[in-house]
Amino acid sequence: MVEVKEEEEKKARALLVGVPVPKNSRTEEAPASQTKELEGLVSTLGMDLAGTICLTRIEPTPAYGIGSGKAQEIADRAKEQGADCIIFDWELDPTKQRNWEKLTGIPVFDRNEVIIRIFAQRARTKEATLQVQLAQLIYSLPRLSHSYGNLSRQRGGSFGNRGQGETQLELDRRQVEDRIVQIKKELEEVEASRATQRRQRERTSTPSCALVGYTNAGKSSLLNALTGADAFVEDKLFATLDPTTRKLTLSEGCSVLLTDTVGFISKLPHTLIDAFKSTLEEAAFADLLLVTVDSSDPDCIRQYEQVLKVLKEIGADKIKRIVLLNKTDKIKGNQLRTAHLEAAFPSAIKLSAKTGEGFEQLLAAVTESLFGEIGLYRIPMEDCQLVELVRKNGKILREDWQDGFVELEARIPGTVDEDGKASTRTKSLLLKYMHKEE
């Protein structure tokens, strides 16, 4: 019994195959690090590493995607190292996947399937579960025949009577397609509920911020440290899938709604982007994005570029953003690393969710970005109705009614460009009454 239990608890061993680095790539990393991110994904999935193979080139052959000689070398390597499966760091089409499994005799899958499986493990709420199921079904639909060795098995019908009947594959395909339609309908209801919640938040006129960034950049830790939330935190990729929103109190009585979003990753499967559309929209509808970067990760610059790419895909690239260099406690004393990051992110706020360093600077930056800089305004009595406009759309810090005018010390959202044009209506109306101290 003990041996059986140990066998059940034994982790699967995976042989990883890395994609070649493009010749025009800016990376200076060693070939062995080509599979670093895939290694992290496999570890998160709960597998052990049997070994890695980093290819120098890929030949567009129809059978395996690479030359038959190299394919046989990979198959032999998997057998030598006792691998239970082979995982490729690029997308495999169903035909090549079947060919690889015939050649190796063990399961073979790609990066996309690894990510989808991780999402399936992490899904907790009804929405996340539905989103993952949708992604799994869309991904598996062209791979259904992958499950059958003999596609001629029949169910129903009678030879010479009503025709040959439907194959098991045809029935399963129809069931999958029906389930996809059903899940999409259920997700539409969930999305409608989320949209209603978003409209209710908008009616409170409380600005919203979204923590966005590469997976495992420390977004959930930041949310917990800033708001006292209890979002799930773990040092693994995609620790949280569901957005969590909490109220963040700023200085001067201001407050914002802070939302932790699902982490991004390079080559995120489009099935997941489509399935998690409503979740990703939390970033697209925010007033301010807090782009969180893991300063301790040597690959953080490429990760930041990937985040910007995903933000563009979901239509959030035009939203104001503040870059946060998180986990600075891990690089303290490393002057070369610090100088490199300062050059790459000159205007970023350096902070640590663990120690609280940089929080005061962050809160001040969020306040100024959403509520504007502090200004002194002297409004004539004939335009005193503007005071209510400021009270509604800005933040009045001091209000002094005098003979002939009202003096306000206030924050008014918006900026003024080089031509003197304000970006918001309230700022534009108050601009001529702004008092500059001599």
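Residues numbered from 1 in each chain as written. Predicted model: local features only at pLDDT ≥ 70, side-chain atom pairs only at ≥ 80, totals over all residues. Heavy atoms only, no water.

A. Here's a closer look at the packing of helix α2 (residues 36–45) against helix α5 (residues 111–122). Between α2 and α5, whose axes approach to 9 Å, the crossing angle comes to 35°. Where α2 crosses over α5, the handedness of that crossing is left-handed. Across from E37, L41, V42, T44 and L45 in α2, the residues of α5 making contact are R111, V114, I115, R117, I118, Q121 and R122. Residues of the contact of α2 with α5, tallied by class, amount to six nonpolar, two polar and four charged. (Axes fitted to C-alpha atoms, helices over the stretch in contact; angles between N-to-C directions. Helix = DSSP H or I, 4+ residues; strand = E, 2+ residues; numbered from the N terminus. Left-handed = near helix turned anticlockwise from the far one by under 90°. Contact = heavy atoms within 4.5 Å. Nonpolar A, V, L, I, M, F, W, Y, C, P; charged D, E, K, R; others polar.)

B. Highlighting helix α11 (residues 300–313). The end-to-end C-alpha separation of α11 is 20 Å, in line with the 20 Å expected for 14 residues at 1.5 Å each. Here α11 has its buried residues at C300, Q303, Y304, Q306, V307, V310 and L311. Projected onto a plane normal to the axis of α11, the buried residues spread over an arc of 160° and lie on a single side. Elements that come into contact with the buried residues of α11 comprise β7 (208–213), β10 (288–294), β11 (321–326) and α12 (335–344). Immediately beyond the C-terminal end of α11, within one or two residues, lies G315, with a positive phi of roughly 75°. (Expected span 1.5 Å × (residues − 1). Buried < 20%, exposed > 50% of the residue type's maximum accessible area, 1.4 Å probe, protein only. Arc of directions from axis to C-beta.)

C. How the structure looks around empty space enclosed by the protein. Across all of its chains, the model carries two cavities of 30 Å³ or more by this definition. Its boundaries defined by the atoms lining it, the second largest cavity holds a volume of some 40 Å³. Forming the boundary of the second largest cavity are Y214, V291, T292, V293, D294, C300, Q303, Y304 and V307. Looking at the lining of the second largest cavity, the elements that each hand over two or more residues are β10 and α11. (1 Å grid on protein atoms, 1.4 Å probe; cavity = no way out; pocket = protein on both sides within 12 Å on 5 of 7 lines; lining within 4 Å. Points joined across faces, edges and corners; volume = space filled by probe spheres on them.)

D. Representation of the confidence of the model for the chain within the structure. Confidence along the chain averages 81 in pLDDT terms, with 82% of residues attaining 70 or more. Here residues 25–32 is modelled with pLDDT under 50, and outside its nearest four sequence neighbours on either side it reaches six contacts, counting other chains as well. Scored below 50 in pLDDT, residues 148–166 shows 24 contacts in the model against residues more than four places distant or in partner chains. (pLDDT = per-residue confidence, 0-100.)

E. Geometry of the nonpolar core. Core analysis: the largest hydrophobic core is formed by 48 residues, its most contacted members being M47, I87, V212, L289 and F345. With 23 residues, the next largest nonpolar core counts C209, L288, L351 and L370 among its residues. (Core = buried A, V, L, I, M, F, W, Y, C linked by side-chain atoms within 4.5 Å.)

F. View of the pattern of salt bridges. Across all of its chains, the model carries 17 salt bridges by this definition. The salt bridge partner of K332 is E357, with a shortest N-O separation of 3.1 Å. Taken together, the residues K332 in the loop between β11 and α12 and E357 in the loop between β12 (349–350) and α13 (359–371) connect sequence positions 25 residues apart. Exposure remark for K332: the relative accessible area of 58% places this residue in the exposed category. The partner of E407 in a salt bridge is R398, with the nearest N and O atoms 3.1 Å apart. (Salt bridge = Lys/Arg side-chain N within 4 Å of Asp/Glu carboxyl O.)

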